[in-house]
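# Structural features, examined
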Amino acid sequence: MSWRRVALLVHNWLGLKLMLVLSIVLLSGTLAVVRYEIDWLVYPEVRVSPGETLASLEDIVAAVREAYPDMALAEDIPTGVGTDYIAMGIVGISPERGIRMIRIDPYRAVVLGDTPVMTPGFFLASLHRDLFIPEWGLVIVCSLALLITLSLITGLLIYRRFWRGFLQWPRGRNPRILLIDLHRLIGLWSLWFAIVIALTSLWYLWTLVGEPKLGLPAAVERQVLPGLSESRLAALGPEVPQPLSLDQALAGVTTRYPDFVATYLTLPERHGGAIVFHGSRGELLAENATAIAVDPFSGEILGTDLLSDAPLLNHLGAMVTPLHYGYFGGLATKAIWFLFGLGLTSVAVTGVVFFWLRSAKAARGNHRPLLNAALPWRGAMGWLKPLNWLVVALSLYAAVLTLQFFFHRLADAPAHYAAQAVGPWDLGLSVIAGLGDSRDPRRPAQPALAVVHYCDGCWDAVRRLWVHIGAEPPVPEQRGAPVSGRPGFAFAPVVMPAAFGAEQRLWIVAEGWDRRTHVAAWPLGPAAGAAE
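Below you will find a few notes about this structure.

What counts, and at which threshold
- Residues numbered from 1 in each chain as written.
- Predicted model: local features only at pLDDT ≥ 70, side-chain atom pairs only at ≥ 80, totals over all residues.
- Heavy atoms only, no water.
- Disulfide = S-S within 2.5 Å.
- Buried < 20%, exposed > 50% of the residue type's maximum accessible area, 1.4 Å probe, protein only.
- Salt bridge = Lys/Arg side-chain N within 4 Å of Asp/Glu carboxyl O.
- Helix = DSSP H or I, 4+ residues; strand = E, 2+ residues; numbered from the N terminus.
- Pairing = 2+ DSSP bridges.

## Observations concerning the state of the cysteines
Tallied over the entire structure, the rule returns 1 disulfide. Covalent S-S linkage joins Cys 455 and Cys 458, the inter-sulfur distance amounting to 1.5 Å. As the torsion about the S-S bond is roughly -40°, the Cys 455-Cys 458 disulfide counts as left-handed. Overall, the relative accessible area of 3% leaves Cys 458 in the buried class.

## What to know about the pattern of salt bridges
Between side chains of opposite charge, a pair can form when the charged atoms approach closely. According to the stated counting rule, one finds 12 salt bridges in the structure shown. Measuring nitrogen to oxygen at the nearest pair gives 2.5 Å for the salt bridge that ties Arg 464 to Glu 230. A residue pair is termed long-range when its members are at least 10 positions apart, and Arg 464 in strand β13 (residues 462-470) and Glu 230 in helix α9 (residues 230-234) qualify at 234 residues. Overall, Arg 464 belongs to the partly exposed group, its relative accessible area being 27%.

## Concerning the sheet that holds strand β3 (residues 88-94)
Paired through backbone hydrogen bonds, the strands of a sheet run either parallel or antiparallel to each other. Sheet architecture is open: 4 strands sit in the order β1-β3-β4-β5, paired in antiparallel fashion. The sheet is open, and its two borders are formed by β1 (72-73) and β5 (110-116), each paired with just one other strand. Relative to β5, strand β4 (residues 98-105) runs antiparallel, the two sharing 6 bridges. Considered in β5, the bridge of Arg 100 is made with Pro 116.

See the structure below:
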(Lines give C-alpha, C1' and ligand atoms only; values in the text may rest on other atoms or scores of the structure.)
Protein backbone atom coordinates (compact mmCIF):
# COMPACT_ATOMS: atom_id res chain seq x y z
CA MET A 1 0.00 0.00 0.00
CA SER A 2 1.45 3.38 -1.02
CA TRP A 3 1.90 6.23 1.42
CA ARG A 4 -0.64 8.28 -0.57
CA ARG A 5 -3.20 5.50 -0.10
CA VAL A 6 -2.48 5.45 3.63
CA ALA A 7 -2.90 9.24 3.75
CA LEU A 8 -6.24 8.93 1.94
CA LEU A 9 -7.52 6.33 4.40
CA VAL A 10 -6.45 8.43 7.38
CA HIS A 11 -7.96 11.59 5.84
CA ASN A 12 -11.30 9.87 5.20
CA TRP A 13 -11.36 8.29 8.66
CA LEU A 14 -10.64 11.60 10.40
CA GLY A 15 -13.25 13.48 8.41
CA LEU A 16 -16.03 10.93 8.81
CA LYS A 17 -15.83 9.35 12.24
CA LEU A 18 -16.27 12.53 14.29
CA MET A 19 -18.02 14.58 11.61
CA LEU A 20 -21.06 15.49 13.75
CA VAL A 21 -19.08 16.93 16.66
CA LEU A 22 -16.53 18.53 14.33
CA SER A 23 -19.25 20.24 12.27
CA ILE A 24 -20.92 21.63 15.40
CA VAL A 25 -17.64 23.03 16.70
CA LEU A 26 -16.65 24.53 13.33
CA LEU A 27 -20.04 26.13 12.70
CA SER A 28 -20.44 27.49 16.22
CA GLY A 29 -16.91 28.89 16.08
CA THR A 30 -17.67 30.59 12.77
CA LEU A 31 -20.79 32.21 14.22
CA ALA A 32 -18.94 33.11 17.43
CA VAL A 33 -16.67 35.35 15.35
CA VAL A 34 -19.65 37.70 14.92
CA ARG A 35 -21.23 37.03 18.32
CA TYR A 36 -21.45 40.73 19.22
CA GLU A 37 -22.92 41.59 15.84
CA ILE A 38 -25.56 38.86 16.30
CA ASP A 39 -26.53 40.39 19.65
CA TRP A 40 -26.51 43.83 18.01
CA LEU A 41 -29.17 42.59 15.58
CA VAL A 42 -31.29 40.94 18.29
CA TYR A 43 -31.23 43.52 21.11
CA PRO A 44 -31.79 47.29 20.65
CA GLU A 45 -30.00 47.81 23.99
CA VAL A 46 -26.73 46.69 22.40
CA ARG A 47 -26.71 49.40 19.71
CA VAL A 48 -24.90 52.70 20.17
CA SER A 49 -23.72 55.54 17.94
CA PRO A 50 -19.97 56.15 18.31
CA GLY A 51 -19.03 59.48 19.86
CA GLU A 52 -15.86 61.52 19.78
CA THR A 53 -14.67 60.62 23.30
CA LEU A 54 -15.42 58.00 25.91
CA ALA A 55 -17.18 58.92 29.16
CA SER A 56 -15.24 58.67 32.40
CA LEU A 57 -15.23 55.39 34.27
CA GLU A 58 -16.71 57.02 37.35
CA ASP A 59 -19.65 58.42 35.34
CA ILE A 60 -20.28 55.02 33.78
CA VAL A 61 -20.26 53.17 37.12
CA ALA A 62 -22.37 55.89 38.76
CA ALA A 63 -24.96 55.62 35.99
CA VAL A 64 -25.14 51.85 36.44
CA ARG A 65 -25.52 52.08 40.21
CA GLU A 66 -28.20 54.75 39.88
CA ALA A 67 -30.19 52.69 37.37
CA TYR A 68 -29.68 49.37 39.20
CA PRO A 69 -29.03 50.15 42.88
CA ASP A 70 -29.80 46.56 43.95
CA MET A 71 -27.38 44.89 41.54
CA ALA A 72 -23.81 43.86 42.23
CA LEU A 73 -21.26 44.48 39.49
CA ALA A 74 -20.16 40.88 39.42
CA GLU A 75 -17.41 40.77 36.84
CA ASP A 76 -14.90 42.90 34.97
CA ILE A 77 -15.82 46.43 33.95
CA PRO A 78 -14.85 47.40 30.39
CA THR A 79 -13.50 50.88 29.74
CA GLY A 80 -15.23 51.26 26.39
CA VAL A 81 -12.03 51.13 24.32
CA GLY A 82 -12.72 49.40 21.02
CA THR A 83 -16.49 49.11 21.51
CA ASP A 84 -17.39 51.29 18.48
CA TYR A 85 -21.06 50.54 17.70
CA ILE A 86 -21.50 47.91 20.46
CA ALA A 87 -22.72 48.96 23.91
CA MET A 88 -20.60 48.10 26.92
CA GLY A 89 -21.76 45.14 28.94
CA ILE A 90 -21.35 44.72 32.70
CA VAL A 91 -22.65 41.62 34.47
CA GLY A 92 -24.96 42.46 37.35
CA ILE A 93 -26.46 40.15 39.99
CA SER A 94 -29.34 40.84 42.36
CA PRO A 95 -31.65 38.64 44.44
CA GLU A 96 -34.74 39.80 42.54
CA ARG A 97 -33.48 40.06 38.96
CA GLY A 98 -30.93 37.25 38.95
CA ILE A 99 -27.97 37.55 36.57
CA ARG A 100 -28.31 40.20 33.87
CA MET A 101 -26.04 42.02 31.43
CA ILE A 102 -26.33 45.77 31.94
CA ARG A 103 -25.84 47.70 28.69
CA ILE A 104 -24.26 51.17 28.73
CA ASP A 105 -23.48 53.75 26.08
CA PRO A 106 -19.72 54.26 26.76
CA TYR A 107 -19.64 57.62 25.01
CA ARG A 108 -22.48 59.27 26.96
CA ALA A 109 -22.54 57.22 30.21
CA VAL A 110 -26.20 56.37 29.64
CA VAL A 111 -27.68 53.05 30.73
CA LEU A 112 -29.61 51.61 27.79
CA GLY A 113 -31.21 48.71 29.67
CA ASP A 114 -30.30 45.13 30.34
CA THR A 115 -30.34 41.83 28.49
CA PRO A 116 -29.86 38.21 29.47
CA VAL A 117 -26.24 37.20 29.94
CA MET A 118 -26.94 34.13 27.85
CA THR A 119 -27.57 35.98 24.61
CA PRO A 120 -27.49 34.15 21.25
CA GLY A 121 -23.90 35.34 20.74
CA PHE A 122 -22.79 34.21 24.20
CA PHE A 123 -24.55 30.88 23.67
CA LEU A 124 -22.64 30.25 20.44
CA ALA A 125 -19.30 31.23 21.98
CA SER A 126 -19.91 28.91 24.96
CA LEU A 127 -21.00 26.07 22.68
CA HIS A 128 -17.81 26.45 20.66
CA ARG A 129 -15.59 26.60 23.75
CA ASP A 130 -16.70 23.46 25.60
CA LEU A 131 -20.11 22.31 24.29
CA PHE A 132 -21.44 23.32 27.75
CA ILE A 133 -20.07 20.03 29.11
CA PRO A 134 -18.12 20.60 32.36
CA GLU A 135 -14.50 19.42 32.39
CA TRP A 136 -14.67 17.01 29.45
CA GLY A 137 -16.23 19.43 26.97
CA LEU A 138 -13.05 21.47 26.85
CA VAL A 139 -11.04 18.27 26.36
CA ILE A 140 -13.25 17.18 23.46
CA VAL A 141 -13.14 20.54 21.67
CA CYS A 142 -9.42 21.11 22.16
CA SER A 143 -8.61 17.56 21.06
CA LEU A 144 -10.19 18.34 17.71
CA ALA A 145 -7.04 20.41 17.10
CA LEU A 146 -5.24 17.13 16.40
CA LEU A 147 -7.96 16.05 13.99
CA ILE A 148 -7.83 19.35 12.09
CA THR A 149 -4.03 19.27 11.93
CA LEU A 150 -3.85 15.68 10.68
CA SER A 151 -6.67 16.31 8.18
CA LEU A 152 -4.75 19.29 6.84
CA ILE A 153 -1.51 17.32 6.44
CA THR A 154 -3.11 14.23 4.88
CA GLY A 155 -5.22 16.38 2.56
CA LEU A 156 -2.09 17.95 1.11
CA LEU A 157 -0.39 14.57 0.79
CA ILE A 158 -3.16 12.98 -1.27
CA TYR A 159 -3.66 15.98 -3.55
CA ARG A 160 -0.84 15.80 -6.10
CA ARG A 161 0.56 19.17 -7.14
CA PHE A 162 -2.12 20.87 -5.09
CA TRP A 163 -0.88 24.34 -6.03
CA ARG A 164 -2.32 23.81 -9.51
CA GLY A 165 -5.82 23.46 -8.10
CA PHE A 166 -6.32 27.05 -6.95
CA LEU A 167 -7.73 28.09 -10.35
CA GLN A 168 -9.41 24.84 -11.41
CA TRP A 169 -13.15 25.37 -11.80
CA PRO A 170 -15.32 22.55 -10.35
CA ARG A 171 -16.62 20.02 -12.86
CA GLY A 172 -20.38 19.62 -12.96
CA ARG A 173 -20.79 16.23 -14.59
CA ASN A 174 -22.73 14.88 -11.63
CA PRO A 175 -23.32 15.84 -7.98
CA ARG A 176 -20.62 13.49 -6.70
CA ILE A 177 -17.85 14.95 -8.89
CA LEU A 178 -19.07 18.50 -8.25
CA LEU A 179 -18.89 17.96 -4.49
CA ILE A 180 -15.40 16.49 -4.50
CA ASP A 181 -14.13 19.34 -6.69
CA LEU A 182 -15.76 21.90 -4.38
CA HIS A 183 -14.26 20.08 -1.39
CA ARG A 184 -10.77 20.43 -2.91
CA LEU A 185 -11.19 23.99 -4.17
CA ILE A 186 -12.60 25.41 -0.92
CA GLY A 187 -10.03 23.44 1.06
CA LEU A 188 -7.18 24.92 -0.98
CA TRP A 189 -8.39 28.50 -0.67
CA SER A 190 -9.00 27.95 3.05
CA LEU A 191 -5.54 26.45 3.53
CA TRP A 192 -4.04 29.50 5.25
CA PHE A 193 -7.07 29.79 7.49
CA ALA A 194 -6.96 26.10 8.40
CA ILE A 195 -3.29 26.50 9.38
CA VAL A 196 -4.17 29.46 11.66
CA ILE A 197 -7.02 27.55 13.28
CA ALA A 198 -4.91 24.40 13.67
CA LEU A 199 -1.99 26.21 15.31
CA THR A 200 -4.13 28.26 17.67
CA SER A 201 -6.20 25.19 18.56
CA LEU A 202 -3.02 23.25 19.36
CA TRP A 203 -2.05 26.08 21.70
CA TYR A 204 -5.41 25.76 23.47
CA LEU A 205 -4.93 22.00 23.67
CA TRP A 206 -1.58 22.45 25.39
CA THR A 207 -2.54 25.28 27.77
CA LEU A 208 -6.17 24.44 28.62
CA VAL A 209 -5.94 20.64 28.66
CA GLY A 210 -2.32 19.55 28.72
CA GLU A 211 -1.15 21.82 31.51
CA PRO A 212 -3.95 21.33 34.08
CA LYS A 213 -4.85 17.72 33.30
CA LEU A 214 -1.61 16.14 32.10
CA GLY A 215 0.92 18.23 34.01
CA LEU A 216 2.63 19.60 30.90
CA PRO A 217 5.07 22.49 31.43
CA ALA A 218 3.45 25.91 31.46
CA ALA A 219 3.82 27.66 28.12
CA VAL A 220 3.29 31.12 29.60
CA GLU A 221 4.80 32.64 32.73
CA ARG A 222 1.98 33.93 34.91
CA GLN A 223 2.46 36.43 37.71
CA VAL A 224 0.17 36.75 40.72
CA LEU A 225 -0.47 40.42 41.37
CA PRO A 226 -0.39 41.42 45.06
CA GLY A 227 -3.03 43.18 47.12
CA LEU A 228 -2.58 45.40 50.14
CA SER A 229 -0.37 44.08 52.91
CA GLU A 230 -1.91 43.41 56.31
CA SER A 231 0.05 46.28 57.85
CA ARG A 232 -1.12 48.68 55.14
CA LEU A 233 -4.73 47.57 55.61
CA ALA A 234 -4.50 47.98 59.41
CA ALA A 235 -3.06 51.47 59.03
CA LEU A 236 -6.18 52.65 57.18
CA GLY A 237 -8.38 52.57 60.31
CA PRO A 238 -9.99 53.35 62.64
CA GLU A 239 -12.13 55.66 60.49
CA VAL A 240 -13.75 54.32 57.34
CA PRO A 241 -11.27 55.06 54.52
CA GLN A 242 -12.44 56.63 51.28
CA PRO A 243 -11.24 54.95 48.06
CA LEU A 244 -10.07 56.89 45.05
CA SER A 245 -12.32 57.21 42.05
CA LEU A 246 -11.62 54.79 39.21
CA ASP A 247 -10.51 57.67 37.01
CA GLN A 248 -7.99 58.81 39.64
CA ALA A 249 -6.64 55.27 39.94
CA LEU A 250 -6.29 54.97 36.15
CA ALA A 251 -4.66 58.39 35.91
CA GLY A 252 -1.94 57.20 38.29
CA VAL A 253 -1.29 54.23 36.02
CA THR A 254 -1.08 56.28 32.83
CA THR A 255 1.24 58.77 34.55
CA ARG A 256 3.64 55.92 35.23
CA TYR A 257 3.03 54.22 31.86
CA PRO A 258 1.89 56.87 29.35
CA ASP A 259 1.54 54.32 26.52
CA PHE A 260 -0.81 52.07 28.51
CA VAL A 261 -4.38 51.77 27.20
CA ALA A 262 -6.79 50.07 29.59
CA THR A 263 -9.50 47.88 28.05
CA TYR A 264 -11.11 46.64 31.25
CA LEU A 265 -10.63 46.61 35.02
CA THR A 266 -11.29 44.19 37.85
CA LEU A 267 -12.65 45.57 41.12
CA PRO A 268 -11.39 44.12 44.43
CA GLU A 269 -13.56 41.38 45.88
CA ARG A 270 -12.78 42.35 49.45
CA HIS A 271 -11.05 45.17 51.32
CA GLY A 272 -7.36 44.58 50.87
CA GLY A 273 -7.65 43.61 47.22
CA ALA A 274 -6.29 45.72 44.39
CA ILE A 275 -7.96 47.34 41.42
CA VAL A 276 -6.40 45.61 38.41
CA PHE A 277 -6.33 47.39 35.06
CA HIS A 278 -5.92 45.19 31.98
CA GLY A 279 -4.82 46.50 28.60
CA SER A 280 -1.82 46.92 26.35
CA ARG A 281 1.09 49.21 25.60
CA GLY A 282 0.83 48.92 21.84
CA GLU A 283 1.99 45.32 21.51
CA LEU A 284 0.92 43.50 18.35
CA LEU A 285 -2.40 41.64 18.69
CA ALA A 286 -2.30 41.79 22.49
CA GLU A 287 -4.91 44.22 23.74
CA ASN A 288 -5.43 42.59 27.17
CA ALA A 289 -2.04 41.06 27.92
CA THR A 290 -0.70 43.67 30.38
CA ALA A 291 -2.09 43.93 33.94
CA ILE A 292 -1.35 46.58 36.57
CA ALA A 293 -2.54 46.35 40.21
CA VAL A 294 -3.35 49.57 42.05
CA ASP A 295 -4.02 50.38 45.70
CA PRO A 296 -7.67 51.58 45.65
CA PHE A 297 -7.05 54.01 48.52
CA SER A 298 -3.72 55.64 47.63
CA GLY A 299 -3.33 54.91 43.92
CA GLU A 300 0.07 53.30 44.51
CA ILE A 301 1.02 50.68 41.94
CA LEU A 302 1.29 47.41 43.88
CA GLY A 303 2.48 45.16 41.08
CA THR A 304 2.64 44.74 37.32
CA ASP A 305 2.51 41.99 34.74
CA LEU A 306 3.93 43.73 31.69
CA LEU A 307 3.94 41.90 28.39
CA SER A 308 6.92 44.02 27.31
CA ASP A 309 9.01 42.33 30.03
CA ALA A 310 7.68 38.82 29.38
CA PRO A 311 9.30 35.97 27.37
CA LEU A 312 8.51 35.34 23.72
CA LEU A 313 5.95 32.63 24.48
CA ASN A 314 3.89 35.15 26.46
CA HIS A 315 3.75 37.34 23.35
CA LEU A 316 2.70 34.38 21.23
CA GLY A 317 0.08 33.33 23.78
CA ALA A 318 -1.40 36.83 23.79
CA MET A 319 -1.86 36.64 20.01
CA VAL A 320 -3.66 33.28 19.99
CA THR A 321 -7.23 34.35 20.76
CA PRO A 322 -7.26 37.40 18.43
CA LEU A 323 -5.95 35.16 15.63
CA HIS A 324 -8.36 32.32 16.44
CA TYR A 325 -11.45 34.56 16.29
CA GLY A 326 -10.19 37.29 13.97
CA TYR A 327 -11.40 40.27 15.98
CA PHE A 328 -8.11 42.19 15.92
CA GLY A 329 -9.03 44.33 12.88
CA GLY A 330 -12.65 45.20 13.50
CA LEU A 331 -15.40 44.28 11.07
CA ALA A 332 -12.99 43.73 8.19
CA THR A 333 -11.09 40.83 9.80
CA LYS A 334 -14.27 39.47 11.36
CA ALA A 335 -15.85 39.27 7.90
CA ILE A 336 -12.80 37.44 6.52
CA TRP A 337 -12.74 34.96 9.42
CA PHE A 338 -16.50 34.44 9.13
CA LEU A 339 -16.37 33.68 5.39
CA PHE A 340 -13.39 31.34 5.65
CA GLY A 341 -14.94 29.73 8.72
CA LEU A 342 -18.00 28.92 6.63
CA GLY A 343 -15.62 27.57 3.98
CA LEU A 344 -13.86 25.29 6.47
CA THR A 345 -17.21 24.07 7.79
CA SER A 346 -18.37 23.34 4.25
CA VAL A 347 -15.19 21.31 3.62
CA ALA A 348 -16.17 19.01 6.50
CA VAL A 349 -19.79 18.76 5.31
CA THR A 350 -19.05 18.21 1.60
CA GLY A 351 -16.65 15.39 2.46
CA VAL A 352 -19.43 13.57 4.30
CA VAL A 353 -22.00 14.20 1.56
CA PHE A 354 -19.53 12.92 -1.04
CA PHE A 355 -19.08 9.73 1.00
CA TRP A 356 -22.85 9.27 1.18
CA LEU A 357 -23.32 9.79 -2.57
CA ARG A 358 -20.52 7.34 -3.33
CA SER A 359 -22.11 4.79 -1.00
CA ALA A 360 -25.51 5.32 -2.64
CA LYS A 361 -24.02 4.74 -6.09
CA ALA A 362 -22.32 1.55 -4.94
CA ALA A 363 -25.60 0.32 -3.48
CA ARG A 364 -27.22 0.55 -6.95
CA GLY A 365 -30.69 1.55 -5.91
CA ASN A 366 -31.21 -0.64 -2.84
CA HIS A 367 -31.91 0.71 0.64
CA ARG A 368 -28.52 -0.03 2.17
CA PRO A 369 -27.54 3.65 2.65
CA LEU A 370 -30.74 4.28 4.60
CA LEU A 371 -30.14 1.17 6.67
CA ASN A 372 -26.56 2.24 7.38
CA ALA A 373 -27.78 5.66 8.51
CA ALA A 374 -30.31 4.07 10.87
CA LEU A 375 -28.03 1.51 12.48
CA PRO A 376 -25.91 2.85 15.37
CA TRP A 377 -22.69 1.19 14.17
CA ARG A 378 -22.95 1.80 10.40
CA GLY A 379 -22.79 4.75 8.04
CA ALA A 380 -20.14 7.44 7.67
CA MET A 381 -19.40 7.65 11.40
CA GLY A 382 -19.30 3.87 11.81
CA TRP A 383 -18.71 2.58 15.33
CA LEU A 384 -18.10 6.14 16.56
CA LYS A 385 -21.65 7.17 15.72
CA PRO A 386 -22.90 6.47 19.30
CA LEU A 387 -20.04 8.60 20.66
CA ASN A 388 -21.01 11.50 18.38
CA TRP A 389 -24.63 11.37 19.45
CA LEU A 390 -23.69 10.93 23.10
CA VAL A 391 -21.61 14.11 22.98
CA VAL A 392 -24.51 15.96 21.30
CA ALA A 393 -26.98 14.67 23.92
CA LEU A 394 -24.71 15.68 26.80
CA SER A 395 -24.20 19.08 25.21
CA LEU A 396 -27.97 19.67 24.92
CA TYR A 397 -28.55 18.57 28.52
CA ALA A 398 -25.72 20.76 29.83
CA ALA A 399 -26.99 23.71 27.77
CA VAL A 400 -30.40 23.43 29.45
CA LEU A 401 -28.75 23.42 32.89
CA THR A 402 -26.65 26.44 31.91
CA LEU A 403 -29.73 28.36 30.79
CA GLN A 404 -31.41 27.54 34.10
CA PHE A 405 -28.38 28.93 35.91
CA PHE A 406 -28.43 32.25 34.06
CA PHE A 407 -32.18 32.71 34.54
CA HIS A 408 -32.20 31.67 38.20
CA ARG A 409 -33.03 34.29 40.83
CA LEU A 410 -31.50 34.34 44.28
CA ALA A 411 -34.92 35.38 45.61
CA ASP A 412 -36.14 31.89 44.69
CA ALA A 413 -33.75 30.32 47.20
CA PRO A 414 -35.61 28.49 50.00
CA ALA A 415 -33.25 29.47 52.85
CA HIS A 416 -33.49 33.17 53.77
CA TYR A 417 -32.40 34.75 57.05
CA ALA A 418 -33.84 38.20 57.77
CA ALA A 419 -31.55 41.16 58.41
CA GLN A 420 -30.66 41.85 62.01
CA ALA A 421 -28.28 44.12 63.86
CA VAL A 422 -24.68 42.97 63.77
CA GLY A 423 -23.06 45.67 65.85
CA PRO A 424 -23.89 48.98 64.11
CA TRP A 425 -24.86 47.29 60.83
CA ASP A 426 -27.98 45.48 59.61
CA LEU A 427 -26.95 42.32 57.77
CA GLY A 428 -28.97 39.43 56.36
CA LEU A 429 -28.21 36.15 54.61
CA SER A 430 -29.48 33.78 51.97
CA VAL A 431 -28.04 30.30 51.61
CA ILE A 432 -28.13 28.54 48.25
CA ALA A 433 -27.04 25.07 47.19
CA GLY A 434 -25.00 26.60 44.36
CA LEU A 435 -25.22 29.09 41.54
CA GLY A 436 -28.30 28.23 39.53
CA ASP A 437 -29.28 25.45 41.97
CA SER A 438 -32.77 26.03 43.45
CA ARG A 439 -32.71 23.02 45.78
CA ASP A 440 -32.89 23.51 49.53
CA PRO A 441 -29.24 23.86 50.60
CA ARG A 442 -29.80 22.43 54.07
CA ARG A 443 -28.61 18.93 53.26
CA PRO A 444 -26.30 17.03 55.66
CA ALA A 445 -22.56 17.52 55.05
CA GLN A 446 -23.16 19.21 51.68
CA PRO A 447 -21.41 22.40 50.46
CA ALA A 448 -23.42 25.59 49.98
CA LEU A 449 -23.00 29.32 49.43
CA ALA A 450 -23.96 31.90 52.05
CA VAL A 451 -24.83 35.20 50.34
CA VAL A 452 -24.67 38.31 52.56
CA HIS A 453 -27.16 41.16 52.19
CA TYR A 454 -25.57 44.45 53.24
CA CYS A 455 -27.39 47.55 54.44
CA ASP A 456 -26.83 50.82 52.55
CA GLY A 457 -23.26 52.02 53.09
CA CYS A 458 -22.28 48.91 55.04
CA TRP A 459 -19.95 47.54 52.36
CA ASP A 460 -17.47 50.38 52.91
CA ALA A 461 -17.89 50.35 56.69
CA VAL A 462 -17.37 46.61 57.25
CA ARG A 463 -13.67 45.81 56.97
CA ARG A 464 -14.03 42.03 56.99
CA LEU A 465 -16.81 39.50 57.28
CA TRP A 466 -16.96 35.76 58.04
CA VAL A 467 -19.73 33.15 57.99
CA HIS A 468 -19.77 30.05 60.19
CA ILE A 469 -22.18 27.14 60.73
CA GLY A 470 -22.14 25.25 64.02
CA ALA A 471 -23.61 24.78 67.45
CA GLU A 472 -20.95 26.93 69.12
CA PRO A 473 -20.03 30.52 68.25
CA PRO A 474 -16.85 31.01 66.22
CA VAL A 475 -13.63 31.76 68.09
CA PRO A 476 -11.04 34.42 67.10
CA GLU A 477 -8.66 31.75 65.79
CA GLN A 478 -11.35 30.25 63.55
CA ARG A 479 -13.97 32.80 62.60
CA GLY A 480 -15.33 30.88 59.63
CA ALA A 481 -15.27 31.29 55.86
CA PRO A 482 -14.28 34.79 54.68
CA VAL A 483 -16.81 36.68 52.59
CA SER A 484 -15.74 37.92 49.16
CA GLY A 485 -17.49 39.35 46.13
CA ARG A 486 -19.11 42.70 45.47
CA PRO A 487 -21.94 44.72 47.05
CA GLY A 488 -25.13 42.92 46.08
CA PHE A 489 -23.46 39.53 45.69
CA ALA A 490 -20.92 38.91 48.43
CA PHE A 491 -20.68 35.27 49.49
CA ALA A 492 -18.78 32.67 51.48
CA PRO A 493 -18.52 28.91 50.87
CA VAL A 494 -19.89 26.89 53.78
CA VAL A 495 -20.53 23.23 54.58
CA MET A 496 -23.74 22.06 56.20
CA PRO A 497 -23.47 20.03 59.42
CA ALA A 498 -23.61 16.25 59.28
CA ALA A 499 -26.58 16.30 61.68
CA PHE A 500 -29.22 19.01 62.03
CA GLY A 501 -30.74 20.05 65.34
CA ALA A 502 -32.13 23.04 67.22
CA GLU A 503 -28.61 23.94 68.40
CA GLN A 504 -27.22 24.41 64.88
CA ARG A 505 -26.87 28.07 63.95
CA LEU A 506 -25.70 30.26 61.12
CA TRP A 507 -23.17 32.74 62.50
CA ILE A 508 -21.84 35.96 61.04
CA VAL A 509 -18.77 37.81 62.31
CA ALA A 510 -18.24 41.42 61.20
CA GLU A 511 -15.10 43.46 61.80
CA GLY A 512 -14.99 47.25 61.45
CA TRP A 513 -12.05 49.45 60.59
CA ASP A 514 -11.56 50.04 64.31
CA ARG A 515 -10.76 46.27 64.55
CA ARG A 516 -13.76 45.62 66.79
CA THR A 517 -15.76 42.49 65.97
CA HIS A 518 -19.50 41.89 66.23
CA VAL A 519 -21.28 38.54 66.15
CA ALA A 520 -24.86 37.55 65.36
CA ALA A 521 -26.61 34.25 64.66
CA TRP A 522 -29.76 32.73 63.16
CA PRO A 523 -31.24 29.27 63.79
CA LEU A 524 -30.12 27.19 60.81
CA GLY A 525 -33.48 25.47 60.48
CA PRO A 526 -34.38 21.86 59.70
CA ALA A 527 -32.71 19.73 57.08
CA ALA A 528 -34.20 19.66 53.60
CA GLY A 529 -37.37 17.59 53.54
CA ALA A 530 -37.73 17.53 57.34
CA ALA A 531 -40.84 18.81 59.08
CA GLU A 532 -40.63 22.23 60.71
